[in-house]
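A structural walkthrough
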Amino acid sequence: AKAAGRNTIACFDPEMQLRVAASVALEADLRRALAQEEFVLHYQPQVGVDGRLAGAEALLRWNHPQRGLVSPAEFIPVAEDTGLIVPLGQWVLRSACRQLAQWAGGAATAALEMAVNVSAHQFHRPDFVGQVLAVLAETGAPAGRLKLELTESLLLKDVAGTVEKMFLLREVGVGFALDDFGTGYSSLSYLHRLPLDQLKIDRSFIQEISGEGHGAAIVRIIVALGQALDMTVLAEGVETAAQFDFIVAEGCQAYQGYLYSRPLPAERLAEFIAARAGG
Ligand code: C2E
Ligand code: CA
Ligand code: CA
Ligand code: CA
């Protein structure tokens, strides 16, 4: 009886209980938020190293009635665990494509690309390709300016199935970027089989450029890999002029980061573009 009692105590780790309760509450809150349309997209510019604005990455924000803007780092993991990421991701894709269609109709924004994050759950649904095509048709967004950001772990889940889906979407002009490159389990044996247009160097390596870590060496290797595989290389999370100078010297074609701009609401991005065009 004593041993059982001990086990019982071990199972009721109060911290763990709190975490589970918090995630159950968050899940209910997310469902409510989706129904009440509390989500918004912010857009972070993606820029050529020559200063040309290439497009923007759509980043999800939860405009919570009590808590204000909640970071995706807090709720995306719960949305992934509960499968809510599927309807949420569908909402993101539709909203981003609506915005892209609007850009396509404006003189100063006509050439901009829209990058959209896609989660593994969403991508591996059998109807994913059909859903993207339906959203493109429904919104009138130009497929040739939509870029889907996929992660290494997503690709590895089912390489053959992934390749097939990517080629189907590529046929209508959709592009692909490999997100957070270098942090997952990349394998050179599949990388060349994938119709990827861009490698995105993870922010953690950019931060390490001037530090003790191997950031600088890793940036060099990724740029060389991009050249060999005919993919452009974009550096994420560029915050300082020194980081910018380094990525230019190493041959990255594009970047995004606070140095150029934080993610902005659509109206603020429009003002930003208008101000640059005017000045
Ligand atoms: P990510 O796809 O790697 O997005 C880049 C993140 O880096 C964004 O964080 C962005 O705000 C941040 N960032 C950009 N430049 C800088 C910089 O110079 N310094 C610093 N410190 N941070 C910078 P955010 O918006 O909080 O998003 C976090 C992650 O949440 C994203 O990482 C992505 O994995 C996920 N996420 C965001 N939106 C979506 C979405 O619509 N769908 C899915 N599946 N995931 C999303
Ligand atoms: Ca991304
Ligand atoms: Ca990223
Ligand atoms: Ca990242």
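See above for the structure.
My aim in this report is to walk through the structure given alongside it, one point at a time.

A look at the site of ligand 1
The environment of ligand 1 is made up of 20 residues, and the closest members are Q44, R61, R203, E239 and Y258. Between ligand 1 and the protein, one listed contact pairs a nitrogen atom with a backbone N or O atom of L60 at 3.1 Å. Note that an oxygen atom of ligand 1 is positioned 3.5 Å from one of the side-chain N or O atoms of E236. When atom positions are compared with the pocket grids, ligand 1 is found to occupy the largest pocket. Elements supplying a minimum of two residues to the shell around ligand 1: strand 2 (53–64), helix 3 (72–82) and strand 6 (175–181). With four residues, strand 2 is the single largest residue contributor to the shell around ligand 1. Residues of the shell around ligand 1, tallied by class, amount to eight nonpolar, five polar and seven charged.

Concerning a nonpolar patch on the surface
A cluster of nonpolar side chains, contributed by M16, V20 and V24, occupies part of the molecular surface with about 260 Å² of accessible area. Following the sequence through the fold, M16 ends up in helix 2 (residues 14–35).

Observations regarding unusual backbone geometry
Trans peptide bonds make up most of the peptide bonds, and negative phi angles are found at most residues other than glycine. In this structure, E37 takes a positive phi of about 55° despite not being glycine. By secondary structure assignment, the location of E37 is in the loop between helix 2 and strand 1 (39–48). The residue D230 is not glycine, and still its phi comes out positive at about 65°. Of note, D230 is situated in the loop between helix 11 (215–229) and strand 8 (232–235).

As for the coordination of the calcium ion (ligand 3)
Looking at the metal site, the calcium ion (ligand 3) is ligated by D179 (OD), D180 (OD), E236 (OE) and E236 (OE), spaced 1.9 to 2.8 Å from it. Taken in chain order, the donor set of the calcium ion (ligand 3) reads D-D-x55-E. Metal-to-metal, the separation of the calcium ion (ligand 3) and the calcium ion (ligand 2) is 3.7 Å; D179 coordinates the two. According to the relative accessible area criterion, D179 is buried, its value standing at 6%.

Description of the nonpolar core
In this structure, L30, L146, L148, L150 and I247 are the most contacted members of the largest nonpolar core, which totals 79 residues. Those residues within four positions of L148 in sequence are excluded, and the remaining contacts are L93, V116, V118, F128, L169, V174, G175, F176 and A177.

Brief notes about the coordination of the calcium ion (ligand 4)
Protein coordination at the calcium ion (ligand 4) comes from D180 (OD), D202 (OD) and E236 (OE), with a distance range of 2.5 to 2.9 Å. Each donor residue of the calcium ion (ligand 4) belongs to the same chain, and together they define the spacing D-x21-D-x33-E. Separating the calcium ion (ligand 4) from the calcium ion (ligand 3) is a gap of 3.2 Å, bridged by D180, which donates to each. Here D180 is found in strand 6, whereas its partner D202 is found in the loop between strand 7 (198–201) and helix 10 (203–207), with 22 residues between them in sequence. Overall, the relative accessible area of 13% leaves D202 in the buried class.

Some words on empty space enclosed by the protein
Overall, the coordinates contain one cavity of 30 Å³ or more when judged by the stated rule. Each pocket or cavity is described by its volume, and for the largest cavity that value is around 30 Å³.

Things to note about the layout of surface pockets
In this approach, a probe sized like a water molecule rolls over the atoms, and the result shows the empty space that is left. Taken as a whole, the largest pocket encloses approximately 990 Å³ of empty space. Together, 34 residues line the largest pocket, and E57, L59, N117, D179 and D180 are the ones closest to its centre. Elements with a contribution of two residues or more to the lining of the largest pocket: strand 2, helix 3, helix 4 (85–104), helix 5 (120–123), strand 5 (146–151), strand 6 and helix 10. With five residues, strand 2 is the largest single contributor of residues to the lining of the largest pocket. Of the residues contributing to the lining of the largest pocket, the split by class is twelve nonpolar, twelve polar and ten charged.

Side note on the pattern of salt bridges
In the structure shown here, the tally under the stated rule is eleven salt bridges. For E149, the salt bridge is made with K200, and the minimal N-O distance between the two is 2.7 Å. Of this pair, E149 sits in strand 5 while K200 is found in strand 7, placing the two residues 51 residues apart along the sequence. Shared partners join several salt bridges into a network, and the residues in it are E57, E149, K200 and E236.

So, how was this worked out
Residues numbered from 1 in each chain as written. Chains lettered and ligands numbered in written order. Predicted model: local features only at pLDDT ≥ 70, side-chain atom pairs only at ≥ 80, totals over all residues. Heavy atoms only, no water. Near = heavy atom within 4 Å. Polar contact = N/O pair within 3.5 Å; in protein donor to acceptor, adjacent residues only side chain to side chain. 1 Å grid on protein atoms, 1.4 Å probe; cavity = no way out; pocket = protein on both sides within 12 Å on 5 of 7 lines; lining within 4 Å. Sits in = over half its atoms within 2 Å of the grid points. Helix = DSSP H or I, 4+ residues; strand = E, 2+ residues; numbered from the N terminus. Nonpolar A, V, L, I, M, F, W, Y, C, P; charged D, E, K, R; others polar. Patch = residues over 30% accessible without salt bridge, like charges linked within 9 Å, V, L, I, M, F, W, Y side chains within 5 Å. Areas by Shrake-Rupley, 256 points an atom, 1.4 Å probe, with all protein chains shown as cover. Salt bridge = Lys/Arg side-chain N within 4 Å of Asp/Glu carboxyl O. Donors = N, O, S within 2.8 Å, 3.2 Å for Na, K, Ca; no water. Buried < 20%, exposed > 50% of the residue type's maximum accessible area, 1.4 Å probe, protein only. Core = buried A, V, L, I, M, F, W, Y, C linked by side-chain atoms within 4.5 Å. Contact = heavy atoms within 4.5 Å. Points joined across faces, edges and corners; volume = space filled by probe spheres on them.

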